[in-house]
Amino acid sequence: MSNLLRWVRMSLVLVVCLIGLTACQAGVAASNVIHLTLWHGVNPPPNRDVLQRLVDRFNQSHPQIQVESLYVGQGDQQIPKILSAVVGGVPPNLLWYAPMLTGQLVELDAIVPLENWLDPLPIKQDIDPTLFESMQLEGHLWSVPFSVNNVGVFYRPSLFAAAGITELPQTWNDFRQVARRLTNRRS
């Protein structure tokens, strides 16, 4: 299985298991099936199709938990919908959202911290620990990574050689120093 598919599958399971909005309880039908609504902004449409197949697979393998996946737009389109749903008392059970919205959701008591629940789970070890810093606010963990971007830096070895740089930077501080050395200041 590709790393991307494995990551998306693990992320979906984490999202389904972890992110619950406090203002809304899961609907439980008479058959004791838990119905959850997942709002997301997965784009482009082919990626949404992959997510839907994963949700369908999850639903098939967990008949007592059924997730309805709904695309609610990109970050700028999601914010008014999410805030309206929270203030109106009808938020989704699960939410894939842009991290910059965390503070507003915390202020509204719309999400709950996850560290007490996540810390004892073995799946936590499958998450790159460097990602946790971006999911914390005021000492609490508010979300789990659903998707991440690969960061890459391209460089021209000839410019490094011309500047006398023999080793690639290993830290952000090293990176800043190399950038200063490579900056051509023309007045």
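Criteria and thresholds
Residues numbered from 1 in each chain as written. Predicted model: local features only at pLDDT ≥ 70, side-chain atom pairs only at ≥ 80, totals over all residues. Heavy atoms only, no water. Helix = DSSP H or I, 4+ residues; strand = E, 2+ residues; numbered from the N terminus. Buried < 20%, exposed > 50% of the residue type's maximum accessible area, 1.4 Å probe, protein only. Contact = heavy atoms within 4.5 Å. pLDDT = per-residue confidence, 0-100.

**Some details on the overall build of the chain**
Thinking step 1. Across its full length, the chain carries seven helices and six strands.
Thinking step 2. Mapped from its N terminus to its C terminus, the chain presents α and β elements in the order α-β-β-α-β-α-β-α-α-β-β-α-α.
Thinking step 3. Considering the chain as a whole, with its 187 residues, one finds that 33% of them fall into the buried category.
Thinking step 4. Within the chain, counting contacts between residues at least 6 apart in sequence, those at least 24 apart form 65% of the total.

**Some thoughts on unusual backbone geometry**
Thinking step 1. Pro44 follows Asn43 through a cis peptide bond whose omega is 0°.
Thinking step 2. You can see Pro44 is positioned in the loop between β2 (34-40) and α2 (45-61).
Thinking step 3. Of note in this structure, Asp109 is not a glycine but carries a positive phi near 55°.
Thinking step 4. Tracing the backbone through its elements, the reader meets Asp109 in the loop between α4 (102-107) and α5 (115-118).
Thinking step 5. Phi at Glu138 is positive, roughly 50°, even though this residue is not glycine.
Thinking step 6. Looking at where Glu138 falls in the secondary structure, it is placed in the loop between β5 (136-137) and β6 (140-141).

**Some points on the confidence of the model for the chain**
In low-pLDDT regions, the fine details of the predicted coordinates are not to be read closely.
Thinking step 1. Counting all residues, the mean pLDDT for the chain is 82, and 81% of those residues have values of 70 or more.
Thinking step 2. Below pLDDT 50 for its whole length, residues 1-25 participates in 66 contacts with residues either more than four positions away or in separate chains.

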